[in-house]
Amino acid sequence: MPLTRAAAPVTLDAVELRVLQIPLVSPFTTSFGTETVREVIVVAAETPDGRGWGEVVTMAAPLYSSEYTASAWDVLARYVAPALLERRAFAPEEVPGILRPFVGHRMAKAGLELAVIDAALRAEGRSFGQYLGAEKDRVPSGVSVGIQRDPAALVDVVGGYLDEGYVRIKIKIKPGRDLADTAAVREAFGSIPLQVDANSAYTLQDADTLAELDRFDLLLIEQPLQEDDLVDHATLAARLRTPVCLDESIVSAKAAADALALGSGSIINVKAGRIGGYLEAVAVHDLCRDAGIAVWCGGMLETGIGRAANAALAALPGFTLPGDISASARFYEHDIVTEPAVLDDGHVRVPTGPGLGVEIDAAALERFTVRRERLTR
Ligand code: NPG
């Protein structure tokens with residue numbers, strides 16, 4: 001691992017876990033359900049030099065992935081945090097190895113890993129972007145638009161985001177809400193950068209319908225089939241002109257390598273939570289860059305903590321497509337950081353302060369907390 005990604009060891013005194021419930025500005029509907037509140041776990045890593053912050057991107061229910069709030073809380077409190085507390089002093093890069101004995105639970109592990117990295121970097125005075133190898137000071141901002149009442153309503157909502165300056169639109173699709181929605185947006189806004197996300201809602205039997213999307217010149221179709229459908233994705237990808245992008249299927253750098261070898265997709269959505277952390281995310285980035293595969297940074301309705309981390313990740317050179325890194329206000333009226341991400345000329349700034357470069361709004365954190373526990377050695 002390059003020297004830039006080696007941080008000084010931390011001494012972990014305690015881990016504080018909180019479940020937050022933060023209201024969304026508007027309901028967010030995907031093929032797997034409608035969210036009106038973002039339930040999220042915020043992790044604080046306490047060290048003698050101060051606190052570091054992380055976020056576990058699980059949802060309240062296991063609809064996007066098998067992990068969910070209660071499973072992540074349980075594994076963090078019983079196994080993951082105790083394993084790090086037991087080790088006491090370690091470098092952030094040792095975290096994946098210490099946690100390796102515990103199978104799966106990648107989102108839970110990623111949140112704690114981020115808190116440890118943030119604590120280490122704040123102590124050093126180095127930014128997360130510098131640590132990861134960011135090469136840009138701002139990243140292009142795409143927006144993910146949920147399924148609306150009908151195609152006309154979708155066109156209205158998309159128009160609003162384009163007016164705000166978002167440089168790429170992603171619309172959610174599901175069977176019965178695909179061709180007409182996509183056609184409406186394409187017709188209303190001409191050649192805007194447009195992509196669709198199915199969140200695993202289709203099977204190979206739907207290949208004819210999905211092939212009809214080819215006429216809309218989409219940047220990509222994201223995760224049409226199930227998480228473990230790598231072979232079916234390869235069959236589908238061979239039939240479509242639209243590039244297939246994988247999200248849910250890419251649970252690790254190994255899964256990414258396998259998917260590319262099989263031809264399951266030609267673009268990868270990198271989400272640090274889904275693959276177990278930002279260090280693994282860099283590994284996926286490096287692998288794809290070497291293979292000439294485009295990647296982009298996905299989003300999971302992050303609070304200001306994860307949003308800052310994602311902006312830094314997306315500033316790595318291989319992130320050649322706009323990510324789902326929108327302004328905080330796209331989802332939240334009140335974020336839990338003092339300076340939430342804003343949209344500036346279609347871009348979001350990569351924070352430059354120590355660690356994640358954002359400060360926690362203690363009052364907001366308190367207000368949204370519905371459960372908390374502090375774990376010590
Ligand atoms: O901008 O943070 C964002 C949301 C982007 O659509 C988005 N995320 O499938 O990629 C996805 C989807 C998602 C959100 C999935 C939350 C699971 C949970």
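Given the structure is predicted, the values throughout are model-derived calculations rather than measurements. Along each chain, the written sequence defines residue order, and numbers are assigned to residues from 1. Whole-chain, interface and lining totals are the exception, using all residues; otherwise, since this is a predicted model, local features are given only for residues with pLDDT of at least 70 and side-chain atom pairs are given and counted only at 80 or more. With hydrogens and water excluded, all non-hydrogen atoms of the structure serve as input to the side-chain values.

Let's shift gears to the domain arrangement of the chain. The split into domains, and so the bounds of each, comes from an automatic or database assignment of domains. One can read the domain layout of the chain as domain 1 (10-125 + 360-376) and domain 2 (130-349). The straight-line distance from the C-alpha centre of domain 1 to that of domain 2 is 23 Å. When checking whether two residues touch, look at their non-hydrogen atoms; a contact exists if any pair is within 4.5 Å. Listed by partner, the interface residues are 35 residues for domain 1 and 40 residues for domain 2. Throughout, the accessible surface (probe 1.4 Å) given up by two parts as they are put together, summed over both, is called the buried area. With both sides pooled, the region where domain 1 packs onto domain 2 buries about 3200 Å², and carbon together with sulfur makes up 68% of that total. Of all residues in domain 1, Phe28, Tyr64 and Arg106 give up the largest surface area on contact with domain 2, accounting jointly for 21% of the area buried on that side.

Time to look at the side chain of Lys109. Think of it this way: any DSSP run of H or I at least four residues long counts as a helix, any run of E at least two long counts as a strand, and we number them from the N terminus. With respect to the element layout, Lys109 can be found in helix α3 (residues 106-124). Put simply, Lys109 is tucked away with no salt bridge, and the nearest opposite charge, on Glu67, sits 8.6 Å away. Residues within four places of Lys109 in sequence aside, it is in contact with Val80, Leu99, Arg100, Phe102, Val103, Gly104 and Gly276. Type-normalised accessible area, obtained with a 1.4 Å probe on protein chains alone, sets the label of each residue: buried when under 20%, exposed when over 50%, and partly exposed for intermediate values. Counted as positive: Lys and Arg. Counted as negative: Asp and Glu. His and the chain ends are not counted at all. Here, a salt bridge means any side-chain nitrogen of Lys or Arg that lies within 4 Å of a carboxyl oxygen of Asp or Glu.

Bringing the packing of aromatic side chains into the picture now. In summary, the pairing rule links any two rings of Phe, Tyr or Trp, Trp by its six-membered ring, whose centres are within 6.5 Å, and it sorts them by plane angle into stacked for under 30 degrees, edge-to-face for over 60 and tilted for everything else. Going through the model one piece at a time under the given rule, you end up with seven aromatic pairs. Their ring planes at 90 degrees and their centres at 5.7 Å tell us that Phe28 and Phe331 sit as a pair that is edge-to-face. With Phe28 in strand β2 (residues 14-30) and Phe331 in the loop between α11 (304-314) and β14 (347-349), the pair connects residues that are 303 residues apart, well separated along the chain. Here the two residues Phe28 and Phe331 agree in accessibility, since each one is buried. Relative to Tyr278, the ring of Phe128 has its centre 5.3 Å away and its plane inclined at 80 degrees; by these criteria the two rings are edge-to-face.

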